[in-house]
Amino acid sequence: MKFLRTFLVTILLISILITSLFLCSCHDNDEPNNQDWIKIHNYNYLYLKQDNCSAIIKSVEDITYICDEDTSPIFKKNSYEQNKKIITTLKEYDEEFFEEKSLIVLFRFRSSSGYFFYVKDFEIIDNSFNITLARDLPKESVVYPLLVVTSVYLLEFPKEQVKDVTQINVQEILIQQ
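A brief look at the structure comes next.

Scoring rules and cut-offs
- Residues numbered from 1 in each chain as written.
- Predicted model: local features only at pLDDT ≥ 70, side-chain atom pairs only at ≥ 80, totals over all residues.
- Heavy atoms only, no water.
- Buried < 20%, exposed > 50% of the residue type's maximum accessible area, 1.4 Å probe, protein only.
- Helix = DSSP H or I, 4+ residues; strand = E, 2+ residues; numbered from the N terminus.
- Arc of directions from axis to C-beta.
- Contact = heavy atoms within 4.5 Å.
- Pairing = 2+ DSSP bridges.
- Axes fitted to C-alpha atoms, helices over the stretch in contact; angles between N-to-C directions.
- Core = buried A, V, L, I, M, F, W, Y, C linked by side-chain atoms within 4.5 Å.

### A closer look at helix α2 (residues 60-67)
Every buried residue belonging to α2 is among Ile-63, Ile-66 and Cys-67, and all of these are buried. The buried residues of α2 occupy one face: seen down the axis, they fall within an arc of 90°. The secondary structure elements touched by the buried residues of α2 are β2 (53-57), α3 (80-91) and α4 (95-100).

### Quick word on the sheet that holds strand β1 (residues 38-43)
Strand order across the open sheet formed by four strands is β1-β6-β3-β2, with antiparallel pairing between neighbours. Where the open sheet ends on each side, the last strands, each with one partner, are β1 and β2. Geometrically, the sheet is characterised by an average inter-axis angle of 15° between neighbouring strands, direction not taken into account. Bridge count for β2 against strand β3 (residues 101-110) is five bridges, and the pairing is antiparallel. Looking at β3, one finds that Ala-55 is bridged to Val-105. Packing against the sheet, α3 makes contact with β1, β2, β3 and β6 (149-158), and its axis sits at approximately 160° to β1.

### Examining the nonpolar core
Ranked by size, the top nonpolar core spans 22 residues in total, and within it Phe-75, Leu-90, Leu-103 and Phe-107 carry the most contacts. Secondary structure elements with two or more residues in this core: β2, α2, α3, α4, β3 and β6. In contact with Phe-107, not counting residues within four places along its chain, are Leu-46, Leu-48, Asp-51, Asn-52, Cys-53, Ile-74, Phe-75, Ile-86, Thr-150, Ser-151 and Val-152.

The following block contains the structure:
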């Protein structure tokens, strides 16, 4: 009887282990942008002062400054209608959000609608936020539509984690599959 009990407990433990391994293998931690703190929006028409720019937003006042036609370091003057969707998205971040979090925004110009990058990794060193955007190259060549796109990456961080960040460095890499 003791042997049967030991055998059944062993089978149960092995079943739990196999189930856990199976479930963990189904979830890829490296799956691009699987995190809920990363939001990526793609726009066909944004009128920016530079093709690739970034900002750290720590308050609603920062959003107001960035989205204002006269003060914006990012958006071109007299282009509110073209930028309305992203401005509306930015203005959804409210005082409650900024009590505990900050927002890092990256604007990246793409010359074709098929050249999308995901957030591969990031690190914060002193006052620099260093982020790597990656694109997995297809095994076979692909022709993408020549539709110019601006990808906007919204990265939400705990306020304390990025409180000293004053510089944002972006590296884009291509990964051969």
